[in-house]
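# Structural features, examined
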Amino acid sequence: MTRIVAGIVAHVDAGKTTLSEALLYRTGEIRRLGRVDHGDAFLDTDALEKARGITISAHQALVEYGGLGLTLLDTPGHVDFAAETERVLRVLDYAILVVSGTDGVQGHTETLWRLLDRYHVPTFVFVNKCDAPGFDRDAVLAQLRRRLSDAVQPLPAMGEASDDATPVPFGDEVEDVAALDERAMDEYFEAGSLTLGRVRAMVAARALFPVFFGSALKLDGVGEFLDGFAAYAREPVWPAGFGARVFKVSHDDKHNRLTWLRVTGGTLKAKSLVRTGVGAGGDADADVPSDAPVDAGAGGYTEKIDQVRVYNGARFDIATELPAGAVCAVTGLEHTFPGEGLGCEPDAASPSMQPVLTYTVLPAGAAGTDGAGGDVPSPATTPRFDDLTLHKVLTALRELEDEDPLLHVNWVERVQEIHVQLMGAIQLEIIQQTLHERFGLDVSFGTGSILYRETITKPIEGVGHFEPLRHYAEAHILIEPGEPGSGVKVASALTTNELDRNWQRLILTHLTEREHLGVLTGSPLTDVVMTLVAARAHLKHTEGGDFRQATYRAIRQGLMEARSGVAGHAVVGRDTQRPAYEIDDDDADDATASSAKSEKTGKDASDGTAASDDARAEAVTAMAKAVAADPGHCMVLEPWYRFRLEVPDDMLGRAMADVQRMSGTFGPSSQDGGYALIEGEAPVSEMRDYAMDVNAYTHGRGRLSLTFGGYRPCHDQARVIEEARYDPEADLDHTPDSVFCAHGAGYPVKWYKVPEFMHVPYATA
């Protein structure tokens, strides 16, 4: 039997889950045809999915059709859950792209097409709702070829006994199909036809995209699609060594943690031990030469797989072992994450779909909770959770973050707030309802704000020293600019002769275990490479937590040096003076002393405190303005949208002017049936509410499609820095200062003085 894993993807409301239902019914897997709008679809297993009529997370179903054993993965269609869909694409043999016959190719359809291309997933297209009035088969086919690929091609039916050598009866279209692939053209010239084996190879290589037409709700064309899929898909060949790819983490109704994975090699057995948290199939127990650098992926956990569950909708069977190619959910693994590779399988790259908005989690009924506007309470008046509820909310959100790492749940100590990152309003509502139904917690959300990030433009070596009494650690971290979109990468340049292997691993863990913040706005650091280039430990006094403090302080100290304009490393004397814009702690101490003196002389102490606070606020504002004018070698990044804007021809000028006003870019416009189309990119901060403007000035005739287009240098960096008023030295959780020891006691040293006191010389020239 040919065993294939296929995912069904589509723009929301194209009929994706309905097609899944039709495939299950047509093959006899279910006896009753459910409907999404009736809330009884086989694959809508969650109460929220049934209530809303949309797919929120991926679900598995099993189909057997003749000699085909098909594992179906139904994915979310709404753009807010596109990250879940992207994770599933990594484990597919084939994708089934569902396109509405009435709506045609929509904005999210093109986004999905780009993702399928990125992950090299062979794709079958099913045009649904062909029974609707006004459906034009030729027009839809032309649009598919124009908007997606000219290799979209209807394929003829094949007999059941067909093999790779059987000619495919293309008729007059054989030459057009052969022209899509060089080997196919050679075969056509030699034999005058194309064999089934060649067509299967073209489909697998994404040189040909079979398209089928029908109506899933009425079962029209579903049998023909199954026949075509069975004929033109082929099973991959798997390696003998064990490998698996994690694509999802969830929790069952008993709060058992489920790791969903695809076996990509060898055999997966229950009760077997696997290494998790290693990355790239690394083996933490391998022998390493003393002069070899330590691998950044080393370490991890040895965990035992308990149950191996094969799901079919909401039901599952327990297996003892599964061969390569199988999809299952396993229990017993507590440190896996979506995208992780087990065994010989490497970890996946960062997903291209990223959240661009950050929200504050507030008690139910708090102000500014619509997520789309409204007044934001000041920090002094923001409603707070009580300690017990706060702990419960954080615990619940951590569990949801375990399932979707892109939530990035963050407790911000300095403002006593919980922040989460979301894709949009629908996901916000789902999180809110999930917290209520699964955990019994009622929360609301503050107004969404733009999720900025920070990076650097030149290399800098940061130094962190932590030496209170009976503790010792020093670390030098070289921070270098990385490729755009690469995130944070870490490495070690030290050998085990220079620093013990266990300390190196510990430092590399500290580099990745938390989200490091930039020093311009306090936004997360990204697109950097951090390399351990020097370090020192003490045989007696160094403990595990010492290198955590030294590593954190080294990163922060390097960023502060970069902000002050230092490149490479600081030079003692020239670069070890307090920058002019930095807040003078002596002045702050004087203000505090003045406040205390006022209290002793009988003056209103609150007046003195208020004066001290005002002076501090003025100093922070002045510092922010100075940094905004000259941020040194640090840079603020902002998210950009890729947009596709369709407006009536007579409104094209207005649309172009709007995009230019928003600091966006676009290519040449095109006309199609009385409508003008422009495609380009623009900052999220400028375009996030533009859909309402389009609807207003086109009187409902315009359409705007937005997808995440990555991070770019902020177009109004100075304004963002000034408004953030971020004081990095006041952020005690991310301090850049170090601690040294003298006369039996530790004492703090300011970040710009650390080069004068450090024990290990700089490793960079």
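Here's what I pulled together on the structure shown here. In this text the structure is predicted, and so the values were computed from the model without any measurement. (Residues numbered from 1 in each chain as written. Predicted model: local features only at pLDDT ≥ 70, side-chain atom pairs only at ≥ 80, totals over all residues. Heavy atoms only, no water.)

### A short note on unusual backbone geometry
This is how it is decided: Note on conventions: DSSP H or I runs of at least 4 residues are helices, E runs of at least 2 residues are strands, and numbering of each starts at the N terminus. With a 1.4 Å probe rolled over the protein chains alone, any residue whose accessible area is under 20% of its type maximum counts as buried; one over 50% counts as exposed, and the rest are partly exposed.
With phi around 65°, His-255 is a residue other than glycine that occupies positive phi space. Looking at the secondary structure, you find His-255 in the loop between β8 (243–251) and β9 (257–265). You can call His-255 partly exposed: its relative accessible area is 42%. Phi at His-408 takes a positive value of approximately 50°, unusual for a residue other than glycine. Locating His-408 in the fold gives a position in the loop between α10 (387–403) and β19 (410–412).

### Structural notes on the nonpolar core
Where we set the bar: Working definition of a nonpolar core: buried Ala, Val, Leu, Ile, Met, Phe, Trp, Tyr and Cys residues. They are joined through side-chain atoms within 4.5 Å. Note on definitions: a residue-residue contact is assigned when non-hydrogen atoms from the two residues lie within 4.5 Å.
Membership of the largest hydrophobic core comes to 96 residues, with the highest contact counts inside it found for Val-361, Leu-397, Ile-477, Ile-479 and Leu-645. Among residues more than four places away in sequence, those in contact with Val-361 are Phe-385, Val-393, Leu-397, Ile-418, Val-420, Val-443, Ser-444 and Phe-445. Ranked by size, the runner-up nonpolar core spans 49 residues in total, among them Ile-8, Val-168, Phe-212 and Phe-229.

### Brief notes about the pattern of salt bridges
Test applied: We count a salt bridge whenever a side-chain nitrogen from Lys or Arg sits within 4 Å of a carboxyl oxygen from Asp or Glu.
By the definition in use, this model includes 34 salt bridges. Between Glu-646 and Arg-644 there is a salt bridge, and its shortest N-O distance comes to 2.8 Å. With a relative accessible area of 16%, Glu-646 lands in the buried category. Judged by its relative accessible area of 8%, Arg-644 falls in the buried class. Linking Glu-646 and Arg-703 is a salt bridge whose minimum nitrogen-to-oxygen distance equals 3.2 Å. Of this pair, Glu-646 sits in strand β28 (residues 634–648) while Arg-703 sits in strand β32 (residues 703–713), and the two are 57 residues apart along the sequence. Arg-703 gets classed as partly exposed once you look at its relative accessible area, which sits at 46%. What emerges from the salt-bridge pattern is a single network uniting Glu-110, Arg-147, Arg-644, Glu-646, Glu-679 and Arg-703.

### A look at the packing of helix α8 (residues 196–204) against helix α9 (residues 222–232)
Between two packed helices, what matters for the description is the angle formed by their axes and the separation of those axes. Convention followed: Between the N-to-C directions of two axes lies an angle of 0 to 180 degrees, each axis being a line fitted to C-alpha atoms and, for a helix, fitted only over the stretch in contact. Every angle not falling under 35 degrees, over 145, or within 65 to 115 is termed oblique; those three ranges are roughly parallel, roughly antiparallel and roughly perpendicular. Residues are sorted three ways: Asp, Glu, Lys and Arg are charged, Ala, Val, Leu, Ile, Met, Phe, Trp, Tyr, Cys and Pro are nonpolar, and all the rest, Gly among them, are polar.
Their axes nearest at 9 Å, the elements α8 and α9 cross at an angle of 95°. On the basis of the axis angle, α8 is roughly perpendicular to α9. Residue-level contacts link Leu-196, Val-199, Arg-200 and Val-203 of α8 to Ala-230, Ala-231 and Tyr-232 of α9. Across the contact of α8 with α9, the residue classes break down as six nonpolar, no polar and one charged.

### Things to note about empty space enclosed by the protein
Quick note on the threshold: A 1.4 Å probe that fits into a set of points on a 1 Å grid over the protein atoms alone but cannot get out defines a cavity; an open set with protein on both sides within 12 Å along at least five of seven lines defines a pocket, and lining residues are those with an atom within 4 Å of a point. Grid points are joined across faces, edges and corners, and a volume is the space filled by probe spheres set on the points.
This structure, assessed with the given rule, holds one cavity of 30 Å³ or more. As for the largest cavity, its lining consists of Val-519, Leu-520, Arg-563, Met-623, Ala-624, Val-627, Ile-721, Arg-725 and Tyr-726. Among the elements that line the lining of the largest cavity, the one with the most residues is helix α15 (residues 605–629), at three residues. The residue makeup of the lining of the largest cavity, split by class, is seven nonpolar, no polar and two charged.

### A word on the sheet that holds strand β14 (residues 315–319)
For clarity, the cut-off: For two strands to be treated as a pair, DSSP must find at least two bridges joining them.
Taken together, the six strands give an open sheet; going across it, the order is β14-β13-β16-β9-β8-β17, and neighbouring strands pair in antiparallel fashion. The sheet terminates laterally at β14 and β17 (341–343), the two strands that pair on one side only. Direction aside, the axes of adjacent strands within the sheet are offset by 40° on average. Sheet contacts for α10: β8 and β9; angle to β8, the most-contacted strand, approximately 150°.

### As for the environment of Arg-52
Position of Arg-52 relative to the elements: it lies in helix α2 (residues 47–52). The spacing of Arg-52 and Val-36 is 16 residues in sequence and 9.1 Å in space, taken between C-alpha atoms. Those residues within four positions of Arg-52 in sequence are excluded, and the remaining contacts are Glu-429, Ile-430 and Gln-433.

### Observations regarding the packing of aromatic side chains
The line we're drawing: When two rings of Phe, Tyr or Trp (its six-membered ring) have centres within 6.5 Å they constitute a pair, described as stacked for plane angles under 30 degrees, edge-to-face for angles over 60, and tilted for the intermediate range.
Going through the model one piece at a time under the given rule, you end up with 19 aromatic pairs. Centroid distance Phe-124 to Phe-212: 6.5 Å. Interplanar angle 15°. Geometry classified as stacked. Taken together, the residues Phe-124 in strand β5 (residues 123–128) and Phe-212 in strand β7 (residues 209–213) connect sequence positions 88 residues apart. The burial state of Phe-124 is the same as that of Phe-212; both residues are buried. Their ring planes at 50° and their centres at 5.7 Å tell us that Phe-740 and Phe-757 sit as a pair that is tilted. With Phe-740 in strand β33 (residues 738–742) and Phe-757 in helix α20 (residues 754–757), this pair connects stretches of sequence that are 17 residues apart. With a relative accessible area of 34%, Phe-757 lands in the partly exposed category. A connected cluster of aromatic rings, assembled from ring pairs, spans Tyr-94, Phe-124, Phe-126, Phe-212, Phe-225 and Phe-229.

In short, the description is geometric, and any link to function would need to be established separately.
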